[in-house]
Amino acid sequence: MKRPLNRLTALGLSLLLTLALALPALPVRADEPQAALTVLFTHDTHDHFYPDAADVGGYGRLYTALKNARAESAHPTITVDAGDFSMGSLFQTVYSTDAPELRVLGAMGYDVVTLGNHEFDYRPQGLVDMLTAAKESGEALPQIVQANYRTPKDPVAPGIQALMEAFENYPVTDYTVIQREGMKIAVFGIMGVDSDECAPMSGMVLEPVAEAARRVVAEIKEKENPTFIICLSHTGTEDGKGEDYELAKAVDGIDLIISGHTHSTLTEPIEVNNTLIVSCGPYTQNLGSVTITSEGGYTDYTLTPLDAAVPYDPEIDALAQSFKAEVDENYLSQFGFGYDQVLAVAHQDFTIAQTGDLIGEAYMAAVKELEGENYDPIAFAVTPDGVIRGRIRQGEVTTSQAFDILSLGSGADGSPGYPLVSVYLTGRDLKNAFEVDASVSLIMSAAELFGAGSHWTYNPNRMFLDKVTDCKITTPGIAGAIDDNKLYRVVADLYSGQMLSTVKGKSMGLLSITPRDENGNEVTNFETRILHDAQGRELKAWQAFASYLQVAGNDLAPGPVSKTVAPSWNPVKLLIPMGMPTLVVLLAVILLIALVVLIVYLIRTRKARRARRAAKKEGK
């Protein structure tokens, strides 16, 4: 006869049975494989269908590298871009009509992209036309995500309503979710503060970056239960810090930030607040690849150089050729140039400075030819570093290469390329411009100036905002010392002209430049200062440069330099000539020394008085 179970034994068996039934539902993390995803990424590709003058990059090589990376990856892959996929070559001239950028990204299998500041270069209507042309092509296109740059400053401004509709029709969304082998990958897009400042014609209001990111991450977590959250950020990093570093530090829950805008190349990811930040460099120089895991961190990070060792994909080459024919027929023909036309032969590589000074010479020559007998001499034709997108290389210089160097923007007429504008500065403001180059460019490289018609010398060891020791006009007919109160003519591209008046803010209010007309009145609408040719067309900066190269022909060589850098620690050269900043600091130092001497004197006097009183008391 079997012995009956006592109550304790029965209870124990019941608990074991309950636990056994529950075990299949419990995760056994030690044996469970972790999710892993390979993210293939680019940013700031800037219309680089073909390799540059140094034979680096090109979409054809990029596609070859993408196909190889996808085939070789042990994990599921997605392909993304962090903005500024347009504006950087002659292909941008058919941006509004043919949308070559989105169509080639679609052909290469990109899943998601975000918008950068240069996607707004042709103003709201240009972006409308591009999105519409892309959609109407019927081809495969990447999803566009943008979370904090879709609110108009003025809802009734030209093109804004059409842009809102184009965003809805494409569509452009805060985020999207990609499914890969059971994983849900949420991807959202962000525009940065500096990016917004670099898009003065966008018509958009920037929602604060961290605030927008927190909002979108919270929504993704609530609605999507994602495996990974990825941010395509057109915000940037600089020297391991920058806006994307601050974004990662401020917002929890982002696994990966693809960091565009600053053209950075990170040889290793930046890790902050459990977020990885990666950048692969601009202009299709590299293909970036990072493998992230659901445990956090990464298992692989690779930058694949797109040099001559990578073959050019024939499918992308055929697509590029079709767009190139459109460029020749619909844009270049009106200027009398051809895409592959050789304009000049350079016998050496030019530096950025030599290229910038040559551009200044080209501006002066173009305006002089345009105005003929009515030419008003130019005291300074300025080209900031920020608008120079490349440099002249040894060998043949073609129309496309010339355009690449000055490829940014559009004019009031909406056509590609910034036009030249003519304004006037007082001698004092002109000197301030040279000081911007000498001082402000140390903390903001885009502010470095080159050009023609003037020359300045500076000592980088001198006081901040008082580094320029000498400056003069070199233009024939008006050459000589600069009169602070006289008006001098300055020529620049439209964007650079608009930036002149921002110097006060960039120099913390210590420098001021006020563009004026020939009568001394302040210029607020720079489009009224655009120069036009005999046919009434805007005189484009790149057009002036290309024409100048064509005249130089086989004898292209660097011209006169615009500035001389003369470092010295000689005390006299550090102080003389003495500008206001040095004078103020020197006076402050003298006052401080005088105050210290006075305090010491008073202390010693007080001690002496106490000693005399003590001596008198002892004498009694």
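Higher on the page you've got the structure.
Now for a description of the structure that goes with this document. Being a predicted model, the structure only gives us computed values, none of them experimental.

## Brief notes about the packing of aromatic side chains
Alright, step 1. Taken as a whole and judged by the stated rule, the model has 20 aromatic pairs.
Alright, step 2. Look at F49 and Y59: their rings are 4.9 Å apart centre to centre, the planes differ by 75 degrees, and that puts the pair in the edge-to-face class. Residue F49 is found in the loop between β1 (36-42) and α2 (59-72), and its partner Y59 is found in helix α2; the two are separated by ten residues along the sequence.
Alright, step 3. Note on F49: relative accessible area 0%, which makes it buried.
Alright, step 4. Ring geometry for F380 against F434: centres 5.4 Å apart, planes inclined by 70 degrees, an arrangement best described as edge-to-face. Taken together, the residues span a long stretch of sequence, with F380 in strand β17 (residues 380-384) and F434 in helix α13 (residues 427-438) at a distance of 54 residues.
Alright, step 5. Judged by its relative accessible area of 2%, F380 is buried.
Alright, step 6. Connected via pairs of aromatic rings, a cluster forms that spans F49, Y50, Y59, F91, Y312, F323 and Y339.
Alright, step 7. Sitting above the plane of the Y63 ring, K67 keeps its charged end 4.7 Å from the centroid.

## Focus: the pattern of salt bridges
Alright, step 1. Inspection of the entire model under this criterion finds 22 salt bridges.
Alright, step 2. With a closest N to O distance of 2.9 Å, R215 and E207 form a salt bridge.
Alright, step 3. Of the residues examined, R215 reaches a relative accessible area of 32% and is grouped as partly exposed.
Alright, step 4. Note that K249 is salt-bridged to E246, the shortest N-O span being 3.5 Å. In this pair, K249 and E246 both sit in helix α9 (residues 243-250), three residues apart, roughly one turn of the helix.
Alright, step 5. On the accessibility criterion, K249 (45% relative accessible area) is partly exposed.
Alright, step 6. Owing to a relative accessible area of 40%, E246 belongs among the partly exposed residues under this scheme.

## Section: the sheet that holds β17
Alright, step 1. If you walk across this open sheet you meet the four strands as β19-β23-β17-β20, and the pairing is mixed. If you trace the sheet from one side to the other, it starts and ends with β19 (420-426) and β20 (449-452), each paired once. Strand after strand, the sheet turns through a mean of 35 degrees between neighbouring axes, direction not considered.
Alright, step 2. Pairing geometry for β19 and strand β23 (residues 487-493), over seven bridges, is antiparallel. Bridged to Y424 within β23 is R489.
Alright, step 3. This element, helix α11 (residues 352-371), spans β17, β19, β20 and β23 of the sheet and lies at about 40 degrees to β20.

## Some points on helix α8 (residues 209-224)
Alright, step 1. The end-to-end C-alpha separation of α8 is 22 Å, in line with the 22 Å expected for 16 residues at 1.5 Å each.
Alright, step 2. Within α8, burial applies to V209, A212, A213, V216, V217, I220 and E224. All buried residues of α8 lie within an arc of 125 degrees about the axis, which places them on one face of the element.
Alright, step 3. Its buried side turned inward, α8 meets β7 (175-180), β8 (183-191), α7 (193-197), β10 (228-234) and α9.
Alright, step 4. N225 lies just past α8 and shows a positive phi near 50 degrees.

## Remarks on the environment of E518
Alright, step 1. Tracing the sequence through the fold places E518 in the loop between α15 (503-506) and α16 (541-552).
Alright, step 2. The sequence separation of E518 and Y488 amounts to 30 residues, and the corresponding C-alpha distance is 8.8 Å.
Alright, step 3. Contacts of E518, omitting those with residues within four sequence positions, involve Y424, L487 and R529.
Alright, step 4. Engagement of the side chain of E518 in a polar contact is seen with the side chain of R529, the distance being 3.2 Å.

## Description of the side chain of R61
Alright, step 1. Locating R61 in the fold gives a position in helix α2.
Alright, step 2. In this structure, R61 is in contact with P51, D55, V56, L306, D307, A308, V310, P311 and Y312, ignoring residues within four places of it in sequence.

## Looking at a positive patch on the surface
Alright, step 1. There is a patch of like positive charges on the surface, built from R604, R606, K607, R609, R610, R612, R613, K616 and K617.
Alright, step 2. Along the chain, the position of R610 falls in helix α18 (residues 580-619).

## Considering a nonpolar patch on the surface
Alright, step 1. A cluster of nonpolar side chains, contributed by V572, L575, I576, M578, M580, L583, V584, L587 and I590, occupies part of the molecular surface with about 790 Å² of accessible area.
Alright, step 2. Looking at the nonpolar patch element by element, the count peaks at five residues for α18.
Alright, step 3. Following the sequence through the fold, M578 ends up in the loop between α17 (571-575) and α18.
Alright, step 4. Looking at M578, the relative accessible area reads 34%, which means it is partly exposed.

## Notes on the nonpolar core
Alright, step 1. In terms of nonpolar packing, the biggest core is built from 124 residues, with M108, I392, F545 and L549 touching the most fellow members.
Alright, step 2. Ranked by residues supplied to this core, first place goes to α11 with seven residues.
Alright, step 3. The residues touching M108, leaving out its near neighbours within four places in the chain, are Y59, L62, Y63, L66, R70 and I316.
Alright, step 4. In this structure, A82, I178, I254 and I292 belong to the second largest nonpolar core, which totals 46 residues.

## As for the packing of helix α4 (residues 100-107) against helix α10 (residues 314-330)
Alright, step 1. Contact pair α4 / α10: the axes reach a minimum separation of 11 Å and the direction vectors enclose 165 degrees. For the element pair α4 / α10, the angle class is roughly antiparallel. For α4 against α10, the interelement crossing comes out right-handed. Residue-level contacts link P100, R103, V104 and A107 of α4 to E315, I316, L319 and F323 of α10.
Alright, step 2. Split by residue class, the contact of α4 with α10 holds six nonpolar, no polar and two charged.

Cut-offs applied
Residues numbered from 1 in each chain as written. Predicted model: local features only at pLDDT ≥ 70, side-chain atom pairs only at ≥ 80, totals over all residues. Heavy atoms only, no water. Phe/Tyr/Trp six-rings, centres within 6.5 Å; stacked < 30°, edge-to-face > 60°. Helix = DSSP H or I, 4+ residues; strand = E, 2+ residues; numbered from the N terminus. Buried < 20%, exposed > 50% of the residue type's maximum accessible area, 1.4 Å probe, protein only. Lys NZ or Arg CZ within 6 Å of the ring centre and 35° of its normal. Salt bridge = Lys/Arg side-chain N within 4 Å of Asp/Glu carboxyl O. Pairing = 2+ DSSP bridges. Axes fitted to C-alpha atoms, helices over the stretch in contact; angles between N-to-C directions. Contact = heavy atoms within 4.5 Å. Expected span 1.5 Å × (residues − 1). Arc of directions from axis to C-beta. Polar contact = N/O pair within 3.5 Å; in protein donor to acceptor, adjacent residues only side chain to side chain. Patch = residues over 30% accessible without salt bridge, like charges linked within 9 Å, V, L, I, M, F, W, Y side chains within 5 Å. Areas by Shrake-Rupley, 256 points an atom, 1.4 Å probe, with all protein chains shown as cover. Lys, Arg positive; Asp, Glu negative; His and termini not counted. Charge placed at Lys NZ, Arg CZ, Asp CG, Glu CD. Core = buried A, V, L, I, M, F, W, Y, C linked by side-chain atoms within 4.5 Å. Parallel < 35°, antiparallel > 145°, perpendicular 65-115°, else oblique. Left-handed = near helix turned anticlockwise from the far one by under 90°. Nonpolar A, V, L, I, M, F, W, Y, C, P; charged D, E, K, R; others polar.

Structural measurements only, silent on function.
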